[in-house]
Amino acid sequence: MTALAQLGSGTPATGSPPPARPGRHRLLPYLLLLPGAAWLVLFFVVPLAQLAAASLYDPTGSLSTGYVLTWAFGNYPEALQAYAPQFARSFGYAGAALVLALLLGYPLAYAIAQKAGRWKNLLLVCVVAPMFTSFLVRTLAWKTILSDNGVLVGLLRDVHLLGPDGRLLATPVAVVLGLTYNFLPFLVLPLYASLERLDHRLLEAAGDLYAGPLHAFRTVTLPLSMPGLIAGTLLFFIPATGDYINAELLGTPNEYMIGNVIDSAFLVRLDYPQGAALSFLLMAAILAVVFVYLRRAGTEDVL
Amino acid sequence: MRTPLRPLTRRGLLTGTLGSAALLATGGSLTGCGTKAATQTEAGCTSDDLSATEKTLAFSNWPQYMDVDDKDAAKRPSLDAFVAASGIKVTYTEDINDNNEFFGKVQNQLAGCQSTGRDIIVLTDWMAARMIRLGWIQKLDPAKLPNVAANLLPSLRGRSFDQENRVAIPWQSGLAGLAYNGSVTGEIRTVNELLTRSDLKGKVTALSEMRDTMGLLLQSNGHDPSNFTAAQFDDALVKLRKAVESKHIRRFTGNDYAPDLAKGDIAACVGWSGDVIQLAGDNPKIRFVAPDSGVMLFSDNMLVPNKATHRGNAEALIDYYYQPAVAAKLAAYVNYICPVKGAQAEMEKIDPELAANPLIFPDDALLAKSKVFMALDEKQEKEYESRFQQVIGA
């Protein structure tokens, strides 16, 4: 409704000539938005509202008695208190994975965009190709790679990076490695898109002005790749925080993240109010982190 | 030419969207003031039986729970024989992987008394009990199940959630006990050994199925899982917590412990008899152990959900699988405990070795130490499950 009201009164007084058939033309953008908006309302806004309501149900309700909406805001602090460690772990692991992914992904994206020459397309395919297999299968493959009796662990034991009984599987390291691997393409592709457009002449100019390679990177390459970097980190960090497959398959109960708790609240414990409250807390926490990040990164353009 | 588009600014769009979203959200939560009870009654949710005119049946089961022809994976000998004899066309789907997951899949339909599109579903005891408690399952006609009446094993009759044996008929049964890989570690005899022996540290898994893991622990404490108190449950939980916190237990699993045990990533675990027999086929050093303190007996049951329109056809199929010869054919393939009396004699003809296997045809000694987990009401279930989940990390 608000949107329609806006439509009627929102013509700015810039003095441009009135269009021939203003009514139809002004409607056009809204008509174009309609299919997408309807889709989002039906499959995003409505379920979200339902979830919000569920998070405020009376927690003593059950499947056989039904749930009553009692605006039980107490569900939120209770859920947070019970599962604070898993929350902290989610952000810790996702953060660690992001750092690792940046160290791997930035040079990779740069190399593909600037140095790969005719191999560029092939390398891009290599980045994307793993996405053709299912997420689950890829994570299961990591179980084999990190397996106690596998080559990797044997090698690490031989060079004494791991003790004789040391292992990778079922440790936080495995979960972070899994997260890094599974979401890396989401970071690399936007970065690649930004770096690919980087104008070489700017770097030459920086050199002409006596900037060393490091200085040139900091003042030219990095700022110009910022949009890709920001989009990439968000695309990486948000799903990584909510992920529960890696913790489930590569970790132990001591590595469980908040996604595992939400999964169990809905499917095993049938505690719908708590599951819904946890989902909203996770969403709020991610939004807060993203908001602060975007402010600090200084790109209003993304919002 | 840009003027016509001017009215749609970012600010305008954002306020518009947020405004409508907020409106919808309040509207949504006000209209959806809570949820109705999910319970159905026999009178309130009646189902038609169209079996007389429609010779079809939709059967949903777990993967690898049906005999398959050695040469042609698309052929299922026992099921194909049923189709040929009865003229009932069976749509067989392996779409049940996990009790909780499947519950999540069908709960909205069943809570609203709508069809799930399935005529037979196969679920484990406790989930069957929950669905029966919610009134979601149709009663079968005992007159149409003479083979079941004659051949169902005595230990599986009159279970708490189905006193008259006419709602949940066992498809296969199995034991939850211990298993170890002999090429990685020495023999294991007891639950305490599994949870404390130092050479197993970090190489042990347990089942995320509460009733199996906790049932074994209760028994190892000398308590009876079919009749225990909250304090006894807590005792067992303390024991489990210790093993989790000292990182002795590596993970809690569903069926997925099997490949890890085979690879030797885990040395020992709490596992299911049928899986272990199948693993032992490839590596004889993998063994199933029924600890002296006791094992857990569970069944997966055939249920006809509300609004399934082919109850009569379902009864025909259920009764067919209770013929000893058919049951033996099935058991020879799936290696779980066969719930059909007389199948052992039939199995002699197929494979004498399997007929002598106590994990398929348990002897009295084994049956005497196998227990079924206590039936829980909704409140107990939620409470125990929450406490267990907290220990296993979720």
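Conventions and cut-offs
- Residues numbered from 1 in each chain as written.
- Chains lettered and ligands numbered in written order.
- Predicted model: local features only at pLDDT ≥ 70, side-chain atom pairs only at ≥ 80, totals over all residues.
- Helix = DSSP H or I, 4+ residues; strand = E, 2+ residues; numbered from the N terminus.
- Rg over C-alpha atoms; globule rule 2.2 N^0.38 Å.
- Buried ≥ 20, exposed ≤ 12 C-beta atoms within 10 Å, placed from the backbone.
- Contact = placed C-beta atoms within 7 Å.
- Core = buried A, V, L, I, M, F, W, Y, C linked by C-beta atoms within 7 Å.
- Domains from an automatic or database assignment.
- Nonpolar A, V, L, I, M, F, W, Y, C, P; charged D, E, K, R; others polar.
- Axes fitted to C-alpha atoms, helices over the stretch in contact; angles between N-to-C directions.
- Left-handed = near helix turned anticlockwise from the far one by under 90°.
- pLDDT = per-residue confidence, 0-100.
- Parallel < 35°, antiparallel > 145°, perpendicular 65-115°, else oblique.
- UniProt positions renumbered as here; feature names shortened; annotations may be inferred.
- Pairing = 2+ DSSP bridges.

Q: With reference to specific residues and values, describe the overall build of chain A.
A: On a plain count of helices and strands, chain A comes out with 14 helices and zero strands. When the helices and strands of chain A are read in sequence order from the N terminus, they spell out α-α-α-α-α-α-α-α-α-α-α-α-α-α. Over its C-alpha trace chain A gives a radius of gyration of 25 Å, far above what one expects of a compact globule, namely 19 Å for 303 residues. Projected onto its principal axes, the C-alpha positions of chain A cover 75 × 75 × 35 Å. Looking at chain A as a whole, 34% of its 303 residues are labelled buried. Considering only residue pairs separated by 6 or more positions, chain A has 67% of its internal contacts joining residues 24 or more positions apart.

Q: Which residues make up the overall build of chain B, and what are the values?
A: What chain B contains, in helices and strands, is 16 helices and ten strands. With the principal axes as the frame, chain B shows a C-alpha extent of 85 × 60 × 50 Å. Relative to its 394 residues, chain B shows a buried fraction of 41%.

Q: Would you mind going over the environment of Ala211(A) in detail, with residue names and values included?
A: Residue and element names in this part refer to chain A. You can see alanine 211 is positioned in the loop between α9 (200–208) and α10 (213–224). By the C-beta count within 10 Å, which is 16 here, alanine 211 ends up partly exposed. The residues touching alanine 211, leaving out its near neighbours within four places in the chain, are Ala206, Ala216 and Thr219.

Q: Please provide a residue-by-residue account of unusual backbone geometry, values included.
A: Phi at Ala170(A) is positive, roughly 65°, even though this residue is not glycine. Topologically, Ala170(A) is positioned in the loop between α7 (151–158) and α8 (172–196). The buried category is assigned to Ala170(A), around which 28 C-beta atoms lie within 10 Å. Phi is positive for Asn335(B), close to 65°, though the residue is something other than glycine. Inspection of the secondary structure assignment puts Asn335(B) in the loop between α12 (324–334) and α13 (343–350).

Q: If you had to explain the nonpolar core to someone new, which residues and values would you point to?
A: Residues and elements named next belong to chain B. Core analysis: the largest hydrophobic core is formed by 98 residues, its most contacted members being Ala179, Ala268 and Ala327. Considering every element that reaches this core, the biggest residue donor is strand β4 (residues 169–181), with seven residues. The residues that make up this core include at least three from each of domain 1 (56–173 + 299–360) and domain 2 (174–297 + 375–391).

Q: Could you give an account of the domain arrangement of chain B, naming the residues involved and the relevant values?
A: Residues and elements named next belong to chain B. Domain assignment breaks chain B into domain 1 (56–173 + 299–360) and domain 2 (174–297 + 375–391). On the domain 2 side, the residues contacting the twelve residues of domain 1 number eleven residues. Residue classes in the side of domain 1 that touches domain 2 are distributed as seven nonpolar, four polar and one charged.

Q: So what about the packing of helix α4 (residues 84–115) of chain A against helix α11 (residues 226–242) of chain A? Which residues, and what values?
A: Residues and elements named next belong to chain A. At a minimum axis distance of 9 Å, the contact between α4 and α11 shows a crossing angle of 145°. In this structure, α4 crosses over α11, and the sense of that crossing is right-handed. Packed against α4, whose contacting residues are Ser90, Phe91, Ala94, Ala97, Leu98 and Ala101, the element α11 presents Thr233, Phe236, Phe237, Ala240 and Thr241 at the interface. Of the residues assigned to the contact of α4 with α11, the class counts are eight nonpolar, three polar and no charged.

Q: Pulling in residues and values, what's your account of the confidence of the model for chain A?
A: Mean pLDDT over chain A: 87, with 90% of residues reaching 70 or higher. Low pLDDT, under 50, characterises residues 1–15 of chain A; the predicted model gives this stretch 18 contacts beyond four residues in sequence or across chains.

Q: Which residues make up the packing of α11(A) against helix α14 (residues 272–297) of chain A, and what values do they have?
A: All names here are of chain A. Packing of α11 against α14 brings their axes to within 11 Å, and their N-to-C directions diverge by 160°. With respect to their mutual orientation, α11 and α14 come out roughly antiparallel. For the pair α11 and α14, the crossing hand works out as right-handed. Touching Ile230, Leu234, Ile238, Thr241 and Gly242 of α11 are Leu282, Ile286, Val290 and Ala297, all from α14. Of the residues that constitute the contact of α11 with α14, the class distribution is seven nonpolar, two polar and no charged.

Q: Explain the UniProt feature "transmembrane region" (unreviewed entry) in chain A to me, and be specific about the residues and the numbers.
A: Residue and element names in this part refer to chain A. Per the UniProt annotation, the sites labelled "transmembrane region" (unreviewed entry) are residues 30–53, 91–110, 122–141, 169–195, 216–238 and 276–294. With 96% helix and 0% strand, residues 216–238 has its two end C-alpha atoms placed 31 Å apart. End C-alpha to end C-alpha, residues 276–294 measures 27 Å, and it is 100% helix and 0% strand.

Q: Can you break down the environment of Lys341(B) residue by residue, with the values?
A: Residue and element names in this part refer to chain B. Inspection of the secondary structure puts lysine 341 in the loop between α12 and α13. C-beta crowding within 10 Å serves as the criterion here: with 16 such atoms nearby, lysine 341 is assigned to the partly exposed category. Each C-alpha atom of the pair lysine 341 and aspartate 256 lies 31 Å from the other, and the pair is 85 residues apart in sequence. Every residue in contact with lysine 341, bar those within four places of it in the chain, is listed here: Asn151 and Leu153.

Q: Can you explain the environment of Gly154(A)? Please cite residues and give values.
A: Inspection of the secondary structure assignment puts Gly154(A) in helix α7. The class for Gly154(A) is exposed, based on 12 C-beta atoms found within 10 Å.

Q: Outline the pairing of strand β5 (residues 204–207) of chain B, supporting the account with residue identities and numerical values.
A: Residue and element names in this part refer to chain B. What you see with β5 is no split at all: Val204 and Ala206 on one side and Thr205 and Leu207 on the other are buried throughout. Pairing of β5 with strand β6 (residues 249–253), which is carried by four bridges, proceeds in the parallel orientation. Residue pairing across strands places alanine 206 opposite phenylalanine 252, the latter belonging to β6. Note that β5 and strand β7 (residues 268–272) share two bridges and pair parallel. Looking across to β7, one finds that valine 204 is bridged to alanine 268.

Q: So what about the pairing of β4(B)? Which residues, and what values?
A: All names here are of chain B. Most of β4 is tucked away: 13 of the 13 residues are buried. Note that β4 and β7 share five bridges and pair antiparallel. Looking at β7, one finds that tyrosine 180 is bridged to alanine 268. As judged from the four bridges shared by β4 and strand β8 (residues 286–289), these two strands associate in the antiparallel manner. From the neighbouring strand, leucine 178 faces β8, where its bridge partner is valine 289.

Q: Could you give me a rundown of the UniProt feature "domain: ABC transmembrane type-1" (unreviewed entry) in chain A, with the residues and numbers involved?
A: Following the UniProt record, the feature "domain: ABC transmembrane type-1" (unreviewed entry) maps to residues 87–293 of chain A here. Within the segment residues 87–293 of chain A, helix and strand shares are 76% and 0% respectively, and the terminal C-alpha atoms sit 19 Å apart.

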